[in-house]
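Structure assessment
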Amino acid sequence: MRADKPKRNRPLLTSRSISRDLTFSLVVIVMIIATALGGFIYWQQSQEMWDTAEKKGEDTISSVAEILAVPIWNLDYDNARLIGSVYTHDDMVQGIRIYGSRNEVVFAHEKFSGTPADFSKVRPIIFEGRTIGRAEIDFTLEREKKRLDEQMFVSIIIIIVVSISVILAITGLLLRVFLNKPLMVLQSGIARVAKGDFSYDFGEVYHAELLEIAKRFRRMSIEIEGRENKLQTMNKTLQEAEEKYRSIFENAIEGIFQATPDGVLRRANPAMARIFGYDSLDEFLSNVRSLSSRIMVNPDHMQGFFDRVRDQGEVKRFEAEYYRRDGKTIWGSLNARAIHDENGNFVFVDGILEDITDRKKAEQDLADLNRHLEQLVRERTEDLVNKARELEEANQRLRELDEMKSAFLSSVSHELRTPLTSILGFAKLLNKEFTRNFLPLVNPDSSLARKGKRIRENLAIISHEGERLTRLINDVLDLNKIESGSMGWRDEDLDMNEVIEVAASSVSGMFAQTSLELRTEIEPGLPHILADRDRMQQVLINLLNNASKFTEKGSVTLRAFPRFGQLRVEVVDTGTGIHPEDQSQIFEKFHQTHTDDTMVNKPKGTGLGLTICREIIEHYGGRIWVESEVGVGSTFIFTLPSME
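What you see is a predicted model, and the numbers here were worked out from it, not measured in a lab.

Analysis parameters
Residues numbered from 1 in each chain as written. Predicted model: local features only at pLDDT ≥ 70, side-chain atom pairs only at ≥ 80, totals over all residues. Heavy atoms only, no water. Core = buried A, V, L, I, M, F, W, Y, C linked by side-chain atoms within 4.5 Å. Buried < 20%, exposed > 50% of the residue type's maximum accessible area, 1.4 Å probe, protein only. Helix = DSSP H or I, 4+ residues; strand = E, 2+ residues; numbered from the N terminus. Contact = heavy atoms within 4.5 Å. Pairing = 2+ DSSP bridges. pLDDT = per-residue confidence, 0-100. Axes fitted to C-alpha atoms, helices over the stretch in contact; angles between N-to-C directions. Salt bridge = Lys/Arg side-chain N within 4 Å of Asp/Glu carboxyl O.

**Things to note about the nonpolar core**
- Counting 39 residues, the largest nonpolar core has Met-536 and Phe-638 as the members making the most contacts within it.
- Going through the elements one at a time, α12 (496–512), β12 (529–532), α13 (533–549), β13 (555–563), β14 (566–573), α15 (609–619), β15 (623–629) and β16 (633–641) are the ones with two or more residues in this core.
- In this structure, Met-536 is in contact with Leu-494, Val-499, Ile-529, Ala-531, Ile-616, Ile-617, Tyr-620 and Leu-640, ignoring residues within four places of it in sequence.
- Residues Phe-257, Leu-265, Val-309 and Leu-334 belong to the second largest nonpolar core, which totals 29 residues.

Right, dumping it as structure tokens:
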């Protein structure tokens, strides 16, 4: 036994722990780093969120304004509303409003999320250089903020990981500072333990953690045998893994190979031989010694392949054409990577070859089809250009004919008024004179009395049909003026409550002669509109007359109320209704609806009243349509933009 060494006086703090020494220093440093990283990440992601939202908002409002240009210009507000409703499904869109050229609201939608919008975008709707409306979109970042909070949680995790990394780095540095001398003592002791001297007591080590390490080294020899057993188990596992790899290698449907950097084959699997038409792997390797010889349609391509593997380390989806054993060609796709030795020298190429002949054939067929389609498109385009030219010429001719028609109608209508006025006047005068001077002279029971009655009925028919012809001429003149742009519009600020009440009073006498009830549901304080008073009266009276004409019993209801910054007027009847095939054409000129047998004795109109109503409403930027069900009734609706 070695002689006992004299005991050394230990420092004052011999029982202190290394972890306690390091904890105080590391806590302060880690807290500073974590706080700085967390604040920086949150600020950076918040900035990115706002920048992305602003860009998306600009893209969305620009897209909406561009898409709406054509339907707004064509007054196709149904399509405009459909487009607007599509954008309401965007999570960032909280509200969207679309206005026409007269500032009327074409579409409006608000999501009542309970929170105000974060920002809004306004963009004019421009068609061929003219501003025809505008689009307004309110955007919310509620979802993005929630996602930012979730990302912040991830950032906190990242900060924790980074902090742990920092702690490890700093711990290494501090351990080097605190444990330099103790580690040197441990190294000396470990060397003695390695030689089998387990009696060394590490007397120069004072920290409790290092003393525990010294004790564990004494038990190290006991664990060596156990580790040896574990190594044997691991070796068996590696052998099983090798067998699995060999099975995959042998049974794979893709060709797997290993070659030298210059293309000489060293190993391959049976699938490689099958791809090239060989019955066995040995036969394949004996006949095909290099990937660059015999099997390549263009050997230069394979040299380029190996150069890329050498320069880039790997190549994916390298497509080339190969010869099979029977002389046929196939297409293959190569994926390969470079294998280096411990000195970094390029020694092997490991690769996988996939037969893609069927895919290449499909691609070629598709390319041929595309070329054929392109030729058809070119031919069709030429035909369309010629058709467009012919249509333009026909359109010019139609415009000329329309101008001639307008002039003809105006002239003929004025020429008809003079003789028609005379016919009506003389018919009424003749009826009056006949009733006063002739009928009192005949016996009421005689045949002359019956003939006199027939004469009066015929004179009444002349008067009635003459008045109907007068209305037709007036309607034709009005429609012609509107279509030709010569109508004199006397626009003024209209109190629509007053206008609607006057219209209802005007037709009340007509309803008093029938069993129908005229109801009015007019909200007070309707929005004012800028329009011609007479034309508004004409629209309302036309709709009420039509409702009474096609309603046998029940009621006609006139409603008016504000909605989305517009005035909405509805005329609801309980009449026969309108067949679906007529609803899309009812506002066309001279169109007469199909009626059932109960309406055959009703007087027919001119077929222009609803057309004139549509022209007047659309002139003021409004919209008119009908909703009807056969046997239930009809509702004629029009909307007009308000002045407010």
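What follows continues from the structure just given.
**Points about the pairing of β13**
- Here strand β11 (residues 517–522) pairs with β13 via six bridges, running parallel. What sits directly across from Glu-521, in β13, is Arg-559.

**Quick notes on the confidence of the model for the protein chain**
- The predicted model of the protein chain averages 77 in pLDDT, with 75% of residues at 70 or higher.
- A low-confidence stretch, residues 1–7 (pLDDT under 50), is modelled with one contact involving residues beyond four sequence positions or located in other chains.
- Here residues 10–14 scores under 50 on pLDDT; set against residues more than four positions off or in separate chains, the count is four contacts.

**Observations concerning the sheet that holds strand β8 (residues 329–340)**
- Read from one edge to the other, the open sheet built from five strands follows the order β6-β5-β9-β8-β7, with strand pairing classed as antiparallel. Pairing within the sheet leaves two strands with one partner each, and these edge strands are β6 (265–268) and β7 (314–323). Going across the sheet, the axis of each strand differs from the next one's by a mean of 30 degrees, ignoring polarity.
- Set on the sheet, helix α9 (residues 299–312) makes contact with β7, β8 and β9 (346–355); between it and β7 the angle comes to about 170 degrees.

**Side note on the sheet that holds strand β4 (residues 130–139)**
- Pairing is antiparallel in the open sheet, where four strands are placed in the order β2-β1-β4-β3. Taken across any chain shown, the strands that pair with only one partner, and hence form the sheet edges, are β2 (105–110) and β3 (119–127). Averaged over neighbouring strand pairs, the angle between their axes works out to 15 degrees when direction is ignored.
- With six bridges joining them, strand β1 (residues 93–99) and β4 adopt antiparallel strand pairing. Each residue of the ladder has a partner; that of Arg-97, found in β4, is Glu-136.

**A look at the pattern of salt bridges**
- Counted by the stated rule, this structure contains 25 salt bridges.
- In this structure, the salt-bridge partner of Arg-81 is Asp-78, at a minimum N-O distance of 2.9 Å. Highlighted residues: Arg-81 and Asp-78, both in helix α2 (residues 77–87), separated by three residues, approximately one helical turn.
- You can call Arg-81 partly exposed: its relative accessible area is 23%.

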